[in-house]
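Structural overview for review
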Amino acid sequence: MSHIITLSDFIMERQAEFPGSSGELSRILNDISIASKIVARDVRRAGLVDHILGSHGDMNVQGEEQQKLDVVADNQFIRVFESSGEICGIASEENDDFLAFTSERAQSGKYIVLFDPLDGSSNIDCNVSIGTIFSIYKRVSQKGSPATLEDMLQKGTRQVAAGYVLYGSSTMLVYTTGHGVNGFTLDPSIGEFCLSHPNMRMPEMGRIYAMNEGNIHECEQGVKDYISFCQEVQADGRPYSGRYIGSLVADFHRNLIKGGIYIYPVTNQSPKGKLRLLYECNPLAFIAEQAGGMATNGTERILDLEPHQLHQRCGFFTGSKNMMEKAMNCLETARAKA
C-alpha cells in the first residue's frame, strides 16, 4: 500500500516555501480545508435539507440571485477566517464591502483572504459541479490596526497563495503558493484531503474549448475568428470539442487536467466583462501560470491588472499555452485589421 500524504502533512513539509511566515499561512490553508469539508457535506445534502436547496430570495452585489447554499458557504468561511487569528480581514463576492475583523488577535494577523464561497451556484439545483475559489495576500496596512480597502485591492502578482475546491464526483482542493500546483482529494472514510495530483501541469495543447457560444455575436471579431478556427475540420486534430459546463471551477479544472482553453470575453452587453478580477480571475490565473498555462483579459496578463474596485470585472481567457497563444494572435490580427 502506497504511503498516504494528507494535506496537513504536505503543508508542514513545505513550510520552507513560506519565507517570513512562522506557520500562519499553513494554518490558513488548513482552515480553508476545514471549512470546505463542511461545505462539501452541505453540498451532498443539498436535495435533502430545506435551508440549503433553492433561492435565498436576495440579490448579491453583482445583481445575481443568491442561492441558499451561497449564503451557507459564505457564512461558514467567514466564521473560520474570523476565528483563525491569522487573518485581519476578508472580501467575498457575496458581500458589498470588505470585512475588517475587530478582535485584537485578528487585527494582529498578517493576511487577508479574497474568496468566492460558491462559484457556479446557479447550477446547485441541477446537481452540477460547483466550487470555492480563494486568494491569500499579505496585508499592506499596519499590523495591529483594522484591515483597509488598500489591503484588498492588490495586484494578482502579490498573491502568496491561491486555490479552489471542486465539489464534484469527488471533492478536490487544488492550490499553489508559487511553487507549482498540487491537488488533494477528500477521502470521506478518514475525513482528510490526501495528495492525489502532485505537481499538476496543464498540457501545452488540448482539444477542448469552453465558451458560452450563445453570446458569440456579441463578441469582438477576434473571438469569432478563434472559435471558427476551433471548429474547422483539419488534419491537425480539429475540430476541437466544445465543452462548456457553465461552472467556472469545473471548466477550469477539466482544462487543467486534460488541456484546453476557457473563454469568457467582454461583449457588447458586458463591455467590462462578467467575471470578477479579485475573486475568480486572479486566483485561477495564478494557478494556470504555475501549471504552465496562461491567463489574460484578451489584451493584458491578468496578474498585472490593477484593481480599483472590490467587485471589478474583466474579460477572461485562460488555458493551455499553445491554445492561448493562438487565441491572442486571432485577437491581435482582427484588431489590426479593424
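Residues numbered from 1 in each chain as written. Predicted model: local features only at pLDDT ≥ 70, side-chain atom pairs only at ≥ 80, totals over all residues. Heavy atoms only, no water.

Some words on helix α3 (residues 68–84)
Quick reminder: α-helices carry 3.6 residues per turn. Residues three or four places apart thus point the same way. Convention followed: The helix count covers DSSP runs of H or I at least four residues long, the strand count covers runs of E at least two residues long, and both are numbered beginning at the N terminus. Given a helix with a known number of residues, its expected span is that number minus one, times 1.5 Å. Buried, partly exposed and exposed residues are distinguished by accessible area as a fraction of the type maximum, computed with a 1.4 Å probe on protein chains only: under 20%, between the cut-offs, and over 50%, respectively.
Over its 17 residues, α3 extends 25 Å from the first C-alpha to the last, a length consistent with the 24 Å expected when each residue adds 1.5 Å. Taken across its 17 residues, α3 has 12 buried, putting it largely inside the fold. By the burial criterion, the buried members of α3 are L69, D70, V71, V72, A73, D74, Q76, F77, I78, V80, F81 and S84.

Section: the domain arrangement of the protein
Interfaces are often sized by the accessible area lost when the parts come together. Applied cut-off: Domain segmentation is taken from an automatic or database assignment of domains. The contact rule is simple, with two residues in contact once any of their heavy atoms fall within 4.5 Å. Buried area, as used here, totals the accessible surface that two parts lose on assembly, with accessibility defined by a 1.4 Å probe and the loss added over both. Criterion for a salt bridge: a side-chain nitrogen of Lys or Arg within 4 Å of a carboxyl oxygen of Asp or Glu. N or O atoms closer than or at 3.5 Å make up a polar contact, with two conditions inside protein: a donor-capable atom paired with an acceptor-capable one, and, for residues adjacent in sequence, both atoms drawn from side chains.
Here the domain parsing of the protein yields domain 1 (7–199) and domain 2 (208–337). Taking the mean C-alpha position of each, domain 1 and domain 2 sit 24 Å from one another. Each partner contributes residues to the interface: domain 1 has 48 residues there, and domain 2 has 32 residues. Summing the contributions of domain 1 and of domain 2, the shared interface buries around 2900 Å²; its carbon and sulfur component is 64%. Contact with domain 2 buries surface across domain 1, with L153, K155 and Y164 losing the most and accounting together for 20% of the total. Remark: the boundary between domain 1 and domain 2 carries one salt bridge. Inspection of the domain 1/domain 2 interface yields 12 residue pairs in polar contact (both at pLDDT 80 or more). Sorting the residues of the side of domain 1 that touches domain 2 by element identifies β3 (87–92), β5 (111–119), β6 (130–138), α5 (149–152), β7 (159–167) and β8 (171–176) as the ones contributing at least two each.

Some remarks on the nonpolar core
Soluble globular proteins: nonpolar side chains tend toward being buried together. What counts, and what does not: By convention a nonpolar core is built from buried Ala, Val, Leu, Ile, Met, Phe, Trp, Tyr and Cys residues, the set being connected through side-chain atoms within 4.5 Å.
Within the largest apolar cluster, 37 residues are counted, with the highest numbers of intra-cluster contacts made by F81, I136 and Y175. Among all residues touching I136, those that are not within four sequence positions of it are L25, I28, L29, I32, Y111, I112, V113, Q159, V160 and A161. Grouped together as the second largest cluster of nonpolar side chains are 32 residues, V174, A250, L284 and F286 included.

So, the pairing of β6
In plain terms, the rule: Two strands qualify as a pair provided that DSSP identifies no fewer than 2 bridges between them.
Of all nine residues in β6, eight are buried; the element is thus mostly enclosed. By the bridge criterion, seven bridges tie β5 to β6 in an arrangement that is antiparallel. Opposite D116, over in β6, you have I133 as the bridge partner.

Points about the UniProt feature "binding site: Mg(2+) 1" (unreviewed entry) in the protein
Definition in use: UniProt positions are given in the numbering used here, feature names are shortened, and annotations may be inferred rather than shown by experiment.
Residues annotated by UniProt as "binding site: Mg(2+) 1" (unreviewed entry) correspond here to E93, D116 and L118. Across 26 residues in sequence, these annotated residues keep their C-alpha atoms within 9.1 Å of one another, forming a single compact spot. By the secondary structure assignment, E93 is in the loop between β3 and β4 (99–100). On the secondary structure map, L118 appears in strand β5. A relative accessible area of 2% means that L118 is categorised as buried. Residues contacting L118, with those up to four places away along its chain left out, are V39, L69, D70, A73, I124, I130, G131, T132 and Y167.

Topic: the sheet that holds strand β12 (residues 241–242)
This is how the line gets drawn: Note on definitions: angles span 0 to 180 degrees between N-to-C directions of axes, and those axes are lines fitted to C-alpha atoms, for helices only across the stretch in contact.
One open sheet holds the five strands; their spatial order is β12-β11-β13-β17-β15, and the pairing between them is mixed. With partners counted over all chains shown, the strands left at the sheet margins are β12 and β15 (294–296), one partner each. In this structure, strand β11 (residues 208–210) lies alongside β12, joined through two bridges in parallel fashion. Bridge pairing links Y209 to G242 in β12. Against the sheet, helix α8 (residues 277–290) engages β15 and β17 (316–319), with an angle of about 25 degrees to β17.

What about the sheet that holds β3?
Taken in spatial order, the eight strands line up as β4-β3-β5-β6-β7-β8-β9-β10 in an open sheet, and their pairing is mixed. Two strands close off the open sheet at either side, each with one partner strand: β4 and β10 (192–197). Running over the sheet, α3 touches β3, β4, β5, β6 and β7 and is turned about 160 degrees from β5. Relative to β7, α8 is tilted by about 100 degrees, and along the sheet it contacts β3, β5, β6, β7, β8 and β9 (181–187).

Considering the side chain of S247
Within the secondary structure, S247 sits in the loop between β12 and α7 (248–258). Within the structure, S247 has its side chain in polar contact with the backbone oxygen of S129 (distance 2.7 Å). Setting aside residues up to four positions removed in sequence, S247 forms contacts with D119, G120, N123, S129 and I130.

Looking at the environment of I5
Here I5 shows up in the segment before α1 (7–13). Once residues lying within four places of it in the same chain are set aside, the contact partners of I5 are F10, F193, C194 and L195.

Points about empty space enclosed by the protein
Inclusion rule: Two kinds of site are reported from a 1 Å grid over the protein atoms alone, namely cavities, where a 1.4 Å probe fits but cannot get out, and pockets, open sets with protein on both sides within 12 Å along at least five of seven lines, and residues are called lining when an atom falls within 4 Å of a point. Grid points are joined across faces, edges and corners, and a volume is the space filled by probe spheres set on the points. Throughout, the ten residues Ala, Val, Leu, Ile, Met, Phe, Trp, Tyr, Cys and Pro are labelled nonpolar, Asp, Glu, Lys and Arg are labelled charged, and all others, Gly among them, are labelled polar.
In this structure the tally under the stated criterion is two cavities of 30 Å³ or more. As for the largest cavity, its lining consists of M211, N212, N215, C219, I263, Y264, P265 and T267. Classifying every residue of the lining of the largest cavity gives five nonpolar, three polar and no charged. Taken as a whole, the second largest cavity holds about 40 Å³ of empty space. Lining the second largest cavity, in full, are F10, R14, E17, Y175, T176, T177, H179, G180 and N182. Across the lining of the second largest cavity, the residue classes break down as two nonpolar, five polar and two charged.

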